[in-house]
Every structure is written in C-alpha cells, then in structure tokens.
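A closer look at the structure
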Amino acid sequence: MNKTKVDLNGKAILVTGSPGFIGANLVLRLLKEMTAGTIVSLDNMNDYYDPSLKDYRLGMIEKAASVSSAAHVFVKGSIADKELVDRLFAEYKFDVVVNLAAQAGVRYSIDHPDVYIESNLIGFYNILEACRHSYDNGEKGVEHLVYASSSSVYGGNKKVPFSTDDKVDNPVSLYAATKKSNELLAHSYCKLYDIPATGLRFFTVYGPAGRPDMFYFSATNTLANDGTIKIFNYGDMRRDFTYIDDIVEGVYRVMQGAPEKAKGEDGLPVPPYAIYNIGGGQPENLLDYISTLQEELVRAGVLPSDYDFEGHRQLVGMQAGDVPVTYADAAALEEDYGFTPKIGIREGLRKFAEWYAEYYK
Ligand SMILES: NC(=O)c1ccc[n+]([C@@H]2O[C@H](COP(=O)([O-])OP(=O)(O)OC[C@H]3O[C@@H](n4cnc5c(N)ncnc54)[C@H](O)[C@@H]3O)[C@@H](O)[C@H]2O)c1
C-alpha cells in the first residue's frame with residue numbers, strides 16, 4: 001500500500017497509555033529522535049497492575065525529557081473522558097496520535113468486563129471523534145492515527161502463520177472482541193472522514209519493566225517467592241514473543257508512513273486504512289521459553305544456581321479465553337516498512353532478568 005511520509009520532528013504527538021509498558025518505551029524513543037516538538041502522554045495510571053511501575057517508567061521519561069530538545073507533557077486522565085480528550089486536541093492540535101491506552105489482558109476481562117467497554121470502546125471512540133473533528137474549519141488535523149490492536153483477534157485461528165487477510169470474526173475473549181471492534185470502528189471513520197489510520201496487532205510483548213500480569217513476569221515473581229508456577233495446556237503452547245525494542249522500532253516506523261489518501265470512482269474517499277502484525281514470525285515453544293527464562297534468572301542472580309525448578313512447576317489444562325498458538329505472518333510490515341522483529345528470546349529474557357535483579361534488589 002502507498003504511504004504518505006509523516007515527518008515527526010517538530011510535531012505535536014499524543015501517546016495514550018504512556019507510561020504504560022509499550023507507551024513509555026515509545027515515548028523514550030521519540031524523545032531521543034526528535035529535536036523539536038511536543039509529546040503528550042495521557043494515562044489514567046490505573047492499578048490493574050502495580051502502579052509504581054508506571055511511576056518508575058514516568059520517571060525515566062521525565063529524565064529523558066530533561067535532556068531532549070523535544071518537550072514532554074504528562075496528563076493524568078482517561079480517554080473515556082470525552083471532555084478531556086477534546087480539550088487536549090483543541091490545545092495541542094495533534095499531528096500524530098498513537099492510541100495505546102486500553103484495558104489489556106485476556107483473563108481479567110472475564111471478571112472485569114465493564115472497564116474493557118469503558119476504555120477500549122468508549123475511549124477509542126472518543127479518540128476517533130477527536131481525530132474526525134481535528135479537520136474542522138479547514139484545519140490540517142491529524143496526519144496519522146496509529147492504534148494498538150492485538151494478536152488475540154486471531155482467537156483459535158487454525159491456519160498459521162496468522163495473516164491480516166485471515167477472517168477474524170470469532171473472538172474467544174471480550175478483550176479480543178474490543179480490539180477487533182477498534183479495527184472496525186477505525187475503518188468506518190477512515191472511510192467517512194478520510195483519517196489515515198493504521199492498526200497494529202502486537203504479538204506477546206515482553207521486556208524490562210514490562211507488565212507483571214504477563215507470564216514471564218508473574219512466573220519470575222512466583223519463583224522468586226518460592227511459589228509454584230502453573231503452566232497451562234500442559235506446556236503445549238507456542239507464542240510469537242516480541243521484544244519491546246522490536247515493537248518500538250515497528251511503531252516508530254509505522255508512525256512515519258500513513259496510508260495514502262485517495263478518491264474512489266464514486267468520488268468518495270478510499271479508506272486510508274491499514275492493519276499490520278508486529279511479531280517475529282518465529283513462535284517459541286512455551287517450555288523452551290520457560291527454560292530460557294530460568295537460565296537467565298539464575299545467570300542474573302535472581303534465583304540460586306541449585307534452584308529446584310521441577311519442584312516449582314505444575315502442568316495444568318487450558319484456561320478460558322487463552323489460545324494455544326500465536327504466530328505472526330510479518331511479511332507485510334517488512335514489505336511496507338522494511339522491518340521484521342529480530343531480537344530472540346535469549347537476548348530479550350536476559351535483558352529482562354538483569355533489569356529484574358537490579359529493580360528488586
Ligand atoms: N503487551 C502486549 O503483549 C500486548 C499485546 C497485544 C496488544 N497490546 C496492546 O498494546 C497496548 C499497550 O499495552 P501495554 O502492554 O503497554 O499495556 P499497559 O497496561 O502497560 O499500558 C496501557 C496503559 O493504558 C492505561 N490506560 C488504561 N485505560 C486507560 C484509559 N481509559 N485512559 C487512559 N489510560 C488508560 C493504563 O494505565 C496503562 O498504563 C494496549 O492497547 C494493549 O491492549 C499489548
């Protein structure tokens with residue numbers, strides 16, 4: 001698909017869900033690359049997981065901002081607050097918007113459905129409406145909206161690797177349903193209001209200062225506290241794990257290439273709309289991933305070298321909402337943006353284990 005180049009330097013950029021895990025790392029990258037402009041981080045700092053990690057990441061952002069020639073503003077608030085979203089758009093006149101704010105997690109959506117509707121549907125709708133009205137009165141408006149979708153939209157897709165051309169109409173969790181809904185809502189807004197928008201289906205993102213609700217992190221906490229980790233589907237799972245730096249590189253590149261605007265034969269916009277997978281296309285066996293994690297935790301000194309791993313693991317059945325395989329067809333991202341994630345689990349888990357040892361020492 002043809003892309004319109006978006007120069008980020010000197011621009012006003014909104015990153016929602018920063019200082020969340022991916023958002024914070026993206027903002028750190030933007031502060032490094034940009035020599036002018038303003039980045040606004042918008043996050044409600046909820047306590048779905050330990051908020052001190054968000055404070056820690058915000059501290060890193062503020063430190064980076066103090067030596068960057070681009071400006072950074074943090075706003076605490078919710079994307080579900082339409083008045084706030086509209087006020088920020090009116091004040092900063094964003095050129096680029098990256099929507100990462102969402103209630104994440106497949107399992108949590110079983111007991112806490114309301115917050116998924118509020119943040120992932122109402123919140124995303126508010127972002128779309130604000131983008132739509134950014135063109136009012138002949139204003140230049142938003143050049144590119146990039147938003148997080150998820151590999152979970154593929155549900156129990158039997159065909160591998162997962163391609164964005166596959167039909168994904170059978171979500172197996174509310175979380176996945178909200179992410180698929182985001183793609184549908186974005187498509188209608190692209191068609192109606194000619195908003196260049198790109199959805200990114202992230203595949204299991206991990207790394208230092210990541211999310212404690214995700215397996216590698218929660219398993220580390222459990223093992224460090226002498227507990228027993230549960231390995232679902234008796235370990236018969238494969239995941240396309242993606243290291244955070246690869247995700248940031250992918251998002252950073254995508255931000256700079258917006259789907260080109262064009263008119264159809266009917267004179268109406270052909271929706272400037274695209275969806276990509278961001279995953280390495282090399283799914284790992286869960287048990288290999290766990291063994292590598294264990295080795296790296298020992299190497300980093302988080303666990304002693306004689307730790308009894310066999311005695312601290314329990315193989316259990318599949319849990320509701322989960323899927324046995326995720327496997328990205330990453331060819332389109334390579335074709336359009338010249339990038340495929342490349343950091344392997346040994347390198348990625350080593351960086352996580354070293355960070356963990358330092359952070360919790
Ligand atoms: N990490 C992964 O493996 C992964 C995989 C697929 C998709 N995603 C998606 O990527 C995005 C970022 O994920 P992450 O791993 O950084 O998660 P995260 O939970 O660390 O970050 C999300 C941030 O959004 C904030 N937030 C939630 N609801 C909000 C609201 N209503 N208003 C403002 N802020 C709100 C949270 O406080 C949090 O800081 C999410 O949309 C997530 O669904 C992540």
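Quick look at the structure, then.

The rules behind each value
- Residues numbered from 1 in each chain as written.
- Predicted model: local features only at pLDDT ≥ 70, side-chain atom pairs only at ≥ 80, totals over all residues.
- Heavy atoms only, no water.
- Buried < 20%, exposed > 50% of the residue type's maximum accessible area, 1.4 Å probe, protein only.
- Helix = DSSP H or I, 4+ residues; strand = E, 2+ residues; numbered from the N terminus.
- Right-handed = clockwise from strand over helix to strand, strands pointing away.
- Pairing = 2+ DSSP bridges.
- Axes fitted to C-alpha atoms, helices over the stretch in contact; angles between N-to-C directions.
- Contact = heavy atoms within 4.5 Å.
- Parallel < 35°, antiparallel > 145°, perpendicular 65-115°, else oblique.
- Nonpolar A, V, L, I, M, F, W, Y, C, P; charged D, E, K, R; others polar.
- Expected span 1.5 Å × (residues − 1).
- Arc of directions from axis to C-beta.

A word on the pairing of strand β2 (residues 12–16). In terms of residue burial, β2 counts as a mostly covered element, since five of its five residues are buried. Every second residue of β2 is oriented toward a common face, with Ala12, Leu14 and Thr16 on one face and Ile13 and Val15 on the other, all of them buried. Since β2 and strand β3 (residues 38–43) lie parallel, the crossover through helix α1 (residues 21–33) that links them has a hand, and here it is right-handed. The sheet contact formed by β2 and strand β5 (residues 96–99) spans four bridges and is parallel. Counted as the bridge partner of Leu14 is Val97 from β5.

Right, let's get into the sheet that holds strand β15 (residues 273–278). One open sheet accounts for seven strands, arranged β4-β3-β2-β5-β6-β7-β15; its pairing is parallel. Taken across any chain shown, the strands that pair with only one partner, and hence form the sheet edges, are β4 (71–76) and β15. On average, each strand axis in the sheet is tilted by 15° relative to the strand beside it, whichever way the strands run. Of the strands in this sheet, β2, β3, β4 and β5 are in contact with helix α3 (residues 82–92), which crosses β3 at around 175°.

A few words on the packing of α1 against helix α2 (residues 52–66). Relative orientation of the contacting elements α1 and α2 amounts to 10°, with a least axis distance of 9 Å. It follows that α1 is roughly parallel to α2 by the angle criterion. Within the contact between the two elements, α1 uses Phe21, Ala24, Val27, Leu28 and Leu31 and α2 uses Arg57, Met60, Ile61, Ala64 and Ala65. The residue inventory of the contact of α1 with α2, partitioned by class, reads nine nonpolar, no polar and one charged.

Attention now moves to α2. For the α-helix, the turn length of 3.6 residues means that residues three or four positions removed from each other point alike. In this model, α2 (15 residues) spans 21 Å end to end at C-alpha, consistent with the 21 Å of a helix rising 1.5 Å per residue. Buried within α2 are the following residues: Leu53, Lys54, Arg57, Leu58, Ile61 and Ala65. Taken end-on, α2 shows its buried residues confined to a sector of 135°, consistent with a single buried face. Facing away from the buried side of α2 by over 90 degrees, the exposed positions are Lys63 and Ser66. Looking at the buried positions of α2, the neighbouring elements they touch are α1, β4, α7 (215–224) and α11 (345–359).

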